[in-house]
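Single-letter residue listing:
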Amino acid sequence: MSDVETMNDELLLDIYRRANLVYQSDEKMRNLILSGSLQILYYSPRGQEILAAALMAALNADDYLVTTYRGIHDQLAKGIPSSDLWAEFAGKGNGTCKGKGGPMHITHPETGVMVTTGIVGSGMPIANGLALSSQLEGDGKVTVVCFGDAASNIGAFHESLNMAQIWKLPVVFVCQNNLYGEHTPVALSTGCDELIDRAPGYGIRAVQVNGNDAFAMYGAAKAAVDHARAGNGPTFIEAKTFRFFGHLLGDDSHYIPAEEMAAAKAADPIPAYRAALLDRQITEATLDAIDAQIAEEVEAASAHALASDYPDPAELRRDVFEKEIAA
Amino acid sequence: MSDVETMNDELLLDIYRRANLVYQSDEKMRNLILSGSLQILYYSPRGQEILAAALMAALNADDYLVTTYRGIHDQLAKGIPSSDLWAEFAGKGNGTCKGKGGPMHITHPETGVMVTTGIVGSGMPIANGLALSSQLEGDGKVTVVCFGDAASNIGAFHESLNMAQIWKLPVVFVCQNNLYGEHTPVALSTGCDELIDRAPGYGIRAVQVNGNDAFAMYGAAKAAVDHARAGNGPTFIEAKTFRFFGHLLGDDSHYIPAEEMAAAKAADPIPAYRAALLDRQITEATLDAIDAQIAEEVEAASAHALASDYPDPAELRRDVFEKEIAA
Amino acid sequence: MSEQAVKQPPAMTFGQAINMAMDEAMALDRRVIMMGEDIADDQGGGVFGATKGLSAKYGVDRVRTTPISEQAIVGAAVGAALAGYRPVAEIMLMNFVTVAMDQIVNHAAKLRFMSGGQTSVPLTIRTATGAGVGFGGQHSDMLEAWFAHVPGLKVATASNPADAKGLLLSCILDNDPCIFIENSASYGVSGPAAEPGARVPLGKAAVAREGEDVTVIGYGPPIAHALAVAEEMQADGISVEVLDLRTIAPFDVEGVLASVRKTRRAVVVHEAVRAFGVGAEVSSVIHENLFDDLKAPVQRVGSAFAPVPFSPVLEQAFLYQRQDIADAVLKAVKH
Amino acid sequence: MSEQAVKQPPAMTFGQAINMAMDEAMALDRRVIMMGEDIADDQGGGVFGATKGLSAKYGVDRVRTTPISEQAIVGAAVGAALAGYRPVAEIMLMNFVTVAMDQIVNHAAKLRFMSGGQTSVPLTIRTATGAGVGFGGQHSDMLEAWFAHVPGLKVATASNPADAKGLLLSCILDNDPCIFIENSASYGVSGPAAEPGARVPLGKAAVAREGEDVTVIGYGPPIAHALAVAEEMQADGISVEVLDLRTIAPFDVEGVLASVRKTRRAVVVHEAVRAFGVGAEVSSVIHENLFDDLKAPVQRVGSAFAPVPFSPVLEQAFLYQRQDIADAVLKAVKH
Ligand SMILES: Cc1ncc(C[n+]2csc(CCOP(=O)(O)OP(=O)(O)O)c2C)c(N)n1
Ligand SMILES: Cc1ncc(C[n+]2csc(CCOP(=O)(O)OP(=O)(O)O)c2C)c(N)n1
Ligand SMILES: [Mg+2]
Ligand SMILES: [Mg+2]
């Protein structure tokens, strides 16, 4: 856990900006979907914004990120330009991936976002490979891979943490433990009480943290990233959090006890972090200005996405292989 | 660990018989292969006989067993009739599997041997299913699945131990830790120091034992089997052992330090167990009589196998599906 | 008018059909059990709702929500099947079978053979897939050709709810491992209801429409498109027979050859990528057996050679289209 | 006598060829790295010795022995490839790819496309397989048809050591993910040596023998059998052309059609089970394109529809045989 003292206002505001960009983007996205302006499957990260913001603030711009279908918080917090990301979500030809990937498959190497996978757990083995390239290259990059609690039950998790440890790879495994995998609570799917109990099985450095606490999350992330960058190997971070809109937008969360949901909402990390900043003498005006700037960015990005063109059907033949294939 | 006191002579001799049946069978098998009478890939269990014998002695005859390519010790100790097993190893039509499976794929339901797999780790998920059937059926059977140390690094291990624990299945996972997977030592492939360190990650009951010590191994196995049979769920047993003939017969064990091999051979569990029984006032004559009986059995079984006929080529069309397929 | 309404045959959706097949099987045989992610009612009865109500009726011991552990799911199903159970494993989407291929191919498919017939694996794997719904590259693949190439596996899929019910029931009660493929977009699509208990035999194709000039052979959703094309073509005097394989592997060679022996022209259609797809096997078998009878080369229709794209424009460009079937029919007829 | 001995072209085994291809690639590009079980010299340089000497020469950082974790092996190779490396992952035997299909199919094959071309996966997976050596049901399968059906993957295999070297080098240096298939029984088989640095282009078939009456198309060990059959047939006045695909997918359609346009008869042979195999695609493509030219139906030769049996008698009954190729040639010629 790093010193809260060392987090200066600039850093705190940086996290604020990242988190609220996610927050406002998510709100806009849900509205557009619910109003029928956008027809996509959407895995809302509402509730996990602070986790992503604090985590990404601990990274260099060119550090690598691998994430999942529930990844817009990670992607925006890592720095993918809003309009490119929005266009990809809308399947437009000027999206990050020319509309070919879509929301579950965002890639944006300029900001280090190398893979977004729709297959539970499958980002972890790939993250090891990115980290291996950095180790061999000596480029000083760290790879962060995000995944859910339920992903810790799949084989790829096991193989990856073990390999990362024996090869001392500069990789940070961030389990965003939102307590449910689709509609199944952790207790029903997981033999151990705490996911961090799995770490000793790999001899891997590990830390459990409240992911919704920006200070704790940033500290855990920074320590892990520093550790990796110094050549000391991987870390497993279990970051506790919650998702407010269930698995897939439209999910009524019937499987979540009402009290649990109420408690989670009462502890909403977005207002909590704002309050914490106000406590630290950062002014309402400062934060409002950031919010306003974000609102503009989100408005512009979403409008841009909706107004943009779909890709040329001929794109189907490109990028299957390096050489374009015949019609 | 069960009481050594509770192991009466009958049980001790039963273990002796099982272990030495493996020991003599293995010796015969190696000789026939090295002399060219039998052309098969052979994964010798030399050094792991006591482990298998003590383990299987703790089981009921109709308990289920799932094992691997290095499985002849488990199969013989579980009770597959020697001549049927030998005939299968030789690819003969009167083998346990009509010659279709061969050494890596022994099945013999009459003695509970349900699957022998050549895929590292893949027996564990299947063992859960057998155990699930017993749980649903209430038939009181326990399933034991054997695998190696290196198999603990593959995804199937992880998924299986977790599922067994959350479903409280009557299954015992027996890791025969012979310190190497093919030519790779555990330390090079495994992030944790001791394999038992993986158990807390599943909340599973676990025990580490010297598998070459018949008393300790039997105790651990009996406790695990009783625990499972009583409906209390699975156990992970890490049983330490060693293999004297490397991975595949012909392997020169160049990757094993000479001192390590020498120490292992000095601690050969077969003479050690014999000495232990003599210490317990069991007579040389008793043991020699068992040895002689086994020698006859092995001689007869191997001769039977070599003399038997290969299967009818038409067998190729049978057992692909339930109904025979057209030529 | 009211009499007519009464005579209207009852309808059912694919989702209902699949649910009913499992319900009937579970009622019939206590050894029928289900495993899969989120399949019990507390978790919503499966992402597509296919198992809704089954855990309430038969208990969570028999309808088991699992961790996200596809190897463990299929492996547990294999093991239970070896012990005489008839497990139905739900692999939510077909692309996720890629983490469980070992259990399916090295174990489920081979254990009967490798044991010399001592054991069998009466297991059914249900899995959904298909493009056209915006699921993107990792949730839409049609991989039936892989399973068809593996001796020991049976593969089935339905073009209408009644067949879905009858085929799935046959799969569950069959003594060999079966892969039953559902279409992600079709759970809500309805058709005539099946009779209670009715089974559709595995390995038998169905003539969905009789015709004289050309046979369109397919399975699953393309059958509806083929029937529509046949209807259109009739106006132009082209008589199209539509043959629904229903069982993709091992497929009804006799049924296929009987139809094409009559029409002497054939088109094979599936959603899977054309190259190295099921259509290649069907085309080859026709060509090998009816070389001297064929009036035109067997035509194959499939999706484009690319991963499934996300953007709707590209996804439609990727997917085989009704028009492709019509074009292929015309090409065959005009050769 | 001694002069003749000097003129004898130098020979190399498949094992040497494969080792040399990797050696050359590693010397050429520091971003070529290797991962696999037991592949470093301390562990013996791989079960078939294919990587022998490479870790001594290039270091264990670049030639990495891995845990038994095929998903992690392929995944790490995918990740390193995304970052610009050219990893060569050894999956000891082809049946073990069944635990890594997700990384290969959902990721390696699709990431270039799904990223809109922003990233690429210049990865090579080497894997050995093949029946006839008593490895049994779980160590002998030929699964090339699976990979061929996946857009984004290239699949290659060689019928002789020189091609093995040239093809593997091309795979490693190619910017797309390649599956390179080796034959378990052939590592010690020798043939003429390849020139240093020589590459065999991907996607180009080779005419292994010219002929006029019928084309036998195949890849890998069946080519040697086809050449032997061609030799025998010549005595009977039948002129057999033998075409070695070398790249199975995407295969050289032009090369195949050019040959069969000339001979007007074709036989396709592979070791894989015939049903739904690569031969079906090749046969269909020929039939579709040369329907009016063909004098006989395209014949397919493959192994029997069963898992690979252990017993040598059954294993031979399972395997395609040289005689099957000869019979198919005669059937084509006599149609
Ligand atoms: C291998 C695989 N199995 C199943 C799925 C379907 N699936 C998608 S997300 C999900 C739940 C994952 O839960 P968790 O890892 O906790 O992440 P969260 O969605 O909560 O962020 C499931 C089962 C999948 N995508 N991949
Ligand atoms: C999935 C898979 N990967 C690789 C192999 C090849 N292989 C067979 S045995 C073996 C070593 C296994 O070691 P361990 O689990 O320790 O068992 P042991 O042989 O020592 O008894 C390997 C790598 C395999 N059979 N299956
Ligand atoms: Mg979760
Ligand atoms: Mg071992």
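Residues numbered from 1 in each chain as written. Chains lettered and ligands numbered in written order. Predicted model: local features only at pLDDT ≥ 70, side-chain atom pairs only at ≥ 80, totals over all residues. Heavy atoms only, no water.

### Brief notes about the coordination of the magnesium ion (ligand 3)
Residue and element names in this part refer to chain A.
Then, number 1: Those donors, D149 (OD), N178 (OD1) and Y180 (O), are the protein atoms that reach the magnesium ion (ligand 3), and they lie 2.0 to 2.2 Å from it.
Then, number 2: Ordering the donors of the magnesium ion (ligand 3) by residue number gives the pattern D-x28-N-x1-Y. We note that N178, like Y180, is buried. (Donors = N, O, S within 2.8 Å, 3.2 Å for Na, K, Ca; no water. Buried < 20%, exposed > 50% of the residue type's maximum accessible area, 1.4 Å probe, protein only.)

### With respect to the sheet that holds strand β2 (residues 32-36) of chain D
Residues and elements named next belong to chain D.
Then, number 1: Read across the sheet, seven strands follow the order β3-β2-β4-β5-β7-β6-β12 without closing on themselves; strand pairing throughout is mixed. Only two strands of the sheet have a single neighbouring strand rather than two, namely β3 (63-65) and β12 (247-249). When strand polarity is set aside, the average angle formed by the axes of neighbouring strands in this sheet is 20 degrees.
Then, number 2: Sheet topology places strand β5 (residues 124-129) next to strand β7 (residues 178-183); six bridges connect them, and they run parallel. Counted as the bridge partner of T124 is C178 from β7.
Then, number 3: On the sheet, helix α2 (residues 14-28) packs against β2, β3, β4 (86-93), β5 and β7 and is oriented at approximately 135 degrees with respect to β2. (Pairing = 2+ DSSP bridges. Helix = DSSP H or I, 4+ residues; strand = E, 2+ residues; numbered from the N terminus. Axes fitted to C-alpha atoms, helices over the stretch in contact; angles between N-to-C directions. Contact = heavy atoms within 4.5 Å.)

### Section: the interface of chain B and chain C
Then, number 1: Each side of the interface is counted separately: chain B has 39 residues, and chain C has 41 residues.
Then, number 2: For the chain B and chain C pair, buried surface summed over both sides reaches about 3,300 Å², with 64% attributable to carbon and sulfur atoms.
Then, number 3: Its largest share of buried area at the contact with chain C, chain B owes to L136(B), E159(B) and F321(B), together 19% of the area lost on that side.
Then, number 4: On the surface where chain B and chain C come into contact, there are one salt bridge. (Buried area = accessible area lost by both parts, 1.4 Å probe. Salt bridge = Lys/Arg side-chain N within 4 Å of Asp/Glu carboxyl O.)

### Things to note about the interface of chain C and chain D
Then, number 1: Between chain C and chain D, the residue contacts involve 53 residues of the former and 53 residues of the latter.
Then, number 2: Interface area for chain C against chain D, summed over the two sides, is near 4,800 Å², with a carbon-plus-sulfur share of 63%.
Then, number 3: Counting the contacts that link chain C with chain D gives six salt bridges.
Then, number 4: Measuring nitrogen to oxygen at the nearest pair gives 2.7 Å for the salt bridge that ties R300(D) to E281(C).
Then, number 5: When contributions to the side of chain C that touches chain D are tallied by element, the ones reaching two or more residues are α5 (101-108), α6 (111-114), α7 (144-148), β12 (247-249), β13 (266-273) and α11 (278-290) of chain C.

### Section: the sheet that holds strand β8 (residues 235-240) of chain B
All names here are of chain B.
Then, number 1: Read across the open sheet, the six strands follow the order β2-β1-β3-β4-β8-β7; overall the sheet is parallel. Two strands close off the open sheet at either side, each with one partner strand: β2 (113-117) and β7 (205-210). Here the strands of the sheet are splayed against their neighbours by 15 degrees on average, with no regard to which way each runs.
Then, number 2: In this fold helix α6 (residues 155-166) packs onto β3 (143-148), β4 (171-177), β7 and β8, with an angle of close to 150 degrees to the strand it touches most, β4.

### Regarding the domain arrangement of chain C
Residue and element names in this part refer to chain C.
Then, number 1: Once the domains are mapped, chain C shows domain 1 (11-192) and domain 2 (206-334).
Then, number 2: On a C-alpha basis, the centres of domain 1 and domain 2 stand 26 Å from each other.
Then, number 3: Contact with domain 1, which involves 26 residues of that partner, is made by 23 residues of domain 2.
Then, number 4: With both chains or domains summed, domain 1 and domain 2 bury close to 1,700 Å², and 60% of this area falls on carbon and sulfur atoms.
Then, number 5: Of all residues in domain 1, the largest losses of buried area upon contact with domain 2 belong to E144, T157 and S159, amounting jointly to 25% of the total for that side.
Then, number 6: Taken together, domain 1 and domain 2 are joined by one salt bridge. (Domains from an automatic or database assignment.)

### Some words on the pairing of β7(B)
Residues and elements named next belong to chain B.
Then, number 1: Sheet topology note: the β7/β8 ladder contains six bridges and is parallel. Paired with Q208 across the strands is E238, a residue of β8.
Then, number 2: Note that the unit made of β7, helix α8 (residues 214-229) and β8 has a crossover that is right-handed. (Right-handed = clockwise from strand over helix to strand, strands pointing away.)

### Here we look at the site of ligand 1
Then, number 1: In the vicinity of ligand 1 lie 20 residues, with Y69(A), R70(A), G118(A), Y180(A) and E70(C) positioned nearest.
Then, number 2: Here an oxygen atom of ligand 1 sits 2.9 Å away from a polar atom, N or O, in the main chain of A150(A).
Then, number 3: With the chains in place, 96% of the 590 Å² that ligand 1 exposes on its own is no longer accessible.
Then, number 4: Split into classes, the residues belonging to the shell around ligand 1 amount to 10 nonpolar, five polar and five charged. (Near = heavy atom within 4 Å. Polar contact = N/O pair within 3.5 Å; in protein donor to acceptor, adjacent residues only side chain to side chain. Areas by Shrake-Rupley, 256 points an atom, 1.4 Å probe, with all protein chains shown as cover. Nonpolar A, V, L, I, M, F, W, Y, C, P; charged D, E, K, R; others polar.)

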